[in-house]
Amino acid sequence: MTNDFAQGKVWRNIIAQAIPLILAQLVQILYNVVDRIYIGHLPGTENMALTGVGLTFPIITLIMAFAYLFGMGGAPLFAIARGAGEEERAEKIMGNVFSLLLMSSVAIMVCCYLFRKPVLYLFGASDASYVYADAYLTIYLIGTPCFMVTSGMNGFINGQGFPHIGMLTTVIGAALNLVLDPIFIFVFDMGVQGAALATVISQAVSAIWVIHFLIGKKSLLHIKRKNLKVERALTKEIIALGTSGFIMQGTNCLVQIVCNATLQIWGGDLYVGIMTVLNSVREILTLPVTGIANGAQPVLGYNYGAKRFRRVKEGIRFTSLVSFGYTVFAWMIVMACPHLLISIFSNDSATLEKGPSALNLYFFGFCFMAFQFAGQSIFQALGKAKKAVFFSLFRKAIIVVPLTLLLPGLGLGVNGVFLAEPISNAIGGLTCFITMWLTVYRKLEITK
């Protein structure tokens, strides 16, 4: 483990960052995925509990979007400042992000509590599924500040060259969640409320871990009281760069809303539940490629700040090739065993019958998604805020949402909803990557 990303092989630095991130994200996914596995197999619910929890995804995604707005906006600026030797500025960025996360989390929690009923019905809830959605969300929202601090501040641990500590942030919380889930759900017979309570407790423990490290002696740079006062100019920089991550998650939220509402019209609660399973599978299969992309960001940002452009180019090539190779492999897995992947999350006969074909449609051409991940993360790492924002909007808001609304009415029914994703992967991913290659990679080649 090294704290100087200008030394050693670039690909080794990226892997050194990516492996702990992948492991951490794997455990992070277990927060939600294990909940869904248990909930999907609750006796007597006929898959309605899983459908209800799936309806809360847009709200959870929106909370994550705000964590990304400040966390992913501050972390690249932090890495660039470190690479340039500006440690005082780096600490100021970290302190401001911490304050912004805390303030926004409280506001979001209150708003979501007040408007959760009309919002859940707007998102596609029926009278049957709303009962489960409300039971889960009411408890889950209590952990909003802890979740946002953990997600937003962990990047500052990784950005200092401590990916293993960042990994432990998630491992500690998720391991606790794995232990508490079956206890609360089955032993205490709390159902979906038990799953939510286990998650809240686990998030609180993770948040304490992050804060303890960033104010402790082992951290190279620290959260200091003098840096907690929010500065307008610095906040604008953070938001400008974090807007791409916010829009990426915000448009994910929009897509989830449109998909659930459209599926409720064309297929009912069954297909809303199937989409919950598809999103769960997608979270698992995109894990390695997001780990590589996120692991590359501090390395690329540091070398860009240090004006080591040849190393930045090497990192771009490595990230792109590995991302594409993995997504081809993941697509093959989906084609080979769709029924098995569906059965992990549900034993409902109707879901097992209709789910595999929906899964194959949704993941068709999944390898094109690698280009979106690679291009987006490179723009983000190098501080290219406008391009990062545009391509976040382009794939989701400009392609997926209109297709999700239009294709079902053209005779495709529910299949039109599932086909919107692969079409957007191909068009959006290739456009993003080609633009990055022409406007960033080639420019670095000229200025090497």
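Described below are features of the structure shown in this document.

What counts, and at which threshold
Residues numbered from 1 in each chain as written. Predicted model: local features only at pLDDT ≥ 70, side-chain atom pairs only at ≥ 80, totals over all residues. Heavy atoms only, no water. Helix = DSSP H or I, 4+ residues; strand = E, 2+ residues; numbered from the N terminus. Rg over C-alpha atoms; globule rule 2.2 N^0.38 Å. Buried < 20%, exposed > 50% of the residue type's maximum accessible area, 1.4 Å probe, protein only. Contact = heavy atoms within 4.5 Å. Areas by Shrake-Rupley, 256 points an atom, 1.4 Å probe, with all protein chains shown as cover. Lys, Arg positive; Asp, Glu negative; His and termini not counted. Charge placed at Lys NZ, Arg CZ, Asp CG, Glu CD. Expected span 1.5 Å × (residues − 1). Bend = angle between axes of the 7 residues up to and from the residue. Patch = residues over 30% accessible without salt bridge, like charges linked within 9 Å, V, L, I, M, F, W, Y side chains within 5 Å. Salt bridge = Lys/Arg side-chain N within 4 Å of Asp/Glu carboxyl O. Axes fitted to C-alpha atoms, helices over the stretch in contact; angles between N-to-C directions. Parallel < 35°, antiparallel > 145°, perpendicular 65-115°, else oblique. Nonpolar A, V, L, I, M, F, W, Y, C, P; charged D, E, K, R; others polar. Core = buried A, V, L, I, M, F, W, Y, C linked by side-chain atoms within 4.5 Å.

To continue, consider the overall build of the protein. When helices and strands are tallied, the protein shows 17 helices and zero strands. Relative to the compact-globule value of 22 Å for 448 residues, the protein shows a C-alpha radius of gyration of 21 Å, a close match. The principal-axis extent of the C-alpha atoms belonging to the protein is close to 60 × 45 × 35 Å. Here the protein holds 448 residues, and 59% of them are scored as buried. Look at the contacts in the protein between residues 6 or more apart in sequence, and 83% of them connect residues 24 or more apart. For the protein, the computed accessible surface area is about 17,600 Å², with 68% contributed by carbon and sulfur atoms. Of note, the protein has its 32 positive side-chain charges centred 15 Å away from the centre of its 20 negative side-chain charges.

Here helix H3 (residues 57–83) is 27 residues long and its end C-alpha atoms lie 37 Å apart, about the 39 Å a rise of 1.5 Å per residue gives. Taking the largest bend as the criterion, H3 deviates by roughly 30°, centred on Tyr68. Backbone geometry just after H3 places Gly85 at a positive phi near 80°.

A separate point is a nonpolar patch on the surface. A surface patch of nonpolar side chains, about 390 Å² in accessible area, is lined by Val106, Val110, Leu114 and Phe115. Looking at the secondary structure, you find Leu114 in helix H4 (residues 87–122). A relative accessible area of 62% places Leu114 in the exposed class.

As a further point, take the pattern of salt bridges. Side chains that differ in sign of charge can pair as their charged atoms come close. Tallying each qualifying case throughout the model produces eight salt bridges. Between Arg116 and Asp134 there is a salt bridge, with its nearest N and O atoms 2.7 Å apart. Note that Arg116 is positioned in helix H4 and Asp134 in helix H5 (residues 127–140), a separation of 18 residues in sequence. Note on Asp134: relative accessible area 17%, which makes it buried. When the shortest N-O distance is used, the salt bridge between Arg282 and Glu421 registers 3.4 Å. Remark: Glu421 occurs in helix H17 (residues 414–446) and Arg282 occurs in helix H10 (residues 269–285); sequence separation between them is 139 residues.

Between helix H11 (residues 287–305) and helix H12 (residues 309–336), whose axes approach to 9 Å, the crossing angle comes to 175°. With respect to each other, H11 and H12 are oriented roughly antiparallel. For the pair formed by H11 and H12, the contact residues are Pro288, Val289, Ile292, Ala293, Ala296, Leu300, Asn303 and Tyr304 on the first element and Phe309, Arg311, Val312, Gly315, Ile316, Thr319, Val322, Ser323, Tyr326 and Thr327 on the second. Broken down by class, the residue content of the contact of H11 with H12 amounts to twelve nonpolar, five polar and one charged.

A few words on the nonpolar core. One recurring pattern in soluble globular proteins: nonpolar side chains tend to sit buried together. Residues Met153, Leu278 and Phe418 are the most contacted members of the largest nonpolar core, which totals 103 residues. If you tally residues by element for this core, the top one is H4, at eleven residues. The contacts of Phe418, once residues within four sequence positions are left out, are Leu263, Tyr271, Ile274, Met275, Leu278, Ala358, Leu361 and Tyr362. One finds Ala6, Val299, Phe391 and Val440 within the second-largest nonpolar core, a separate group that totals 26 residues.

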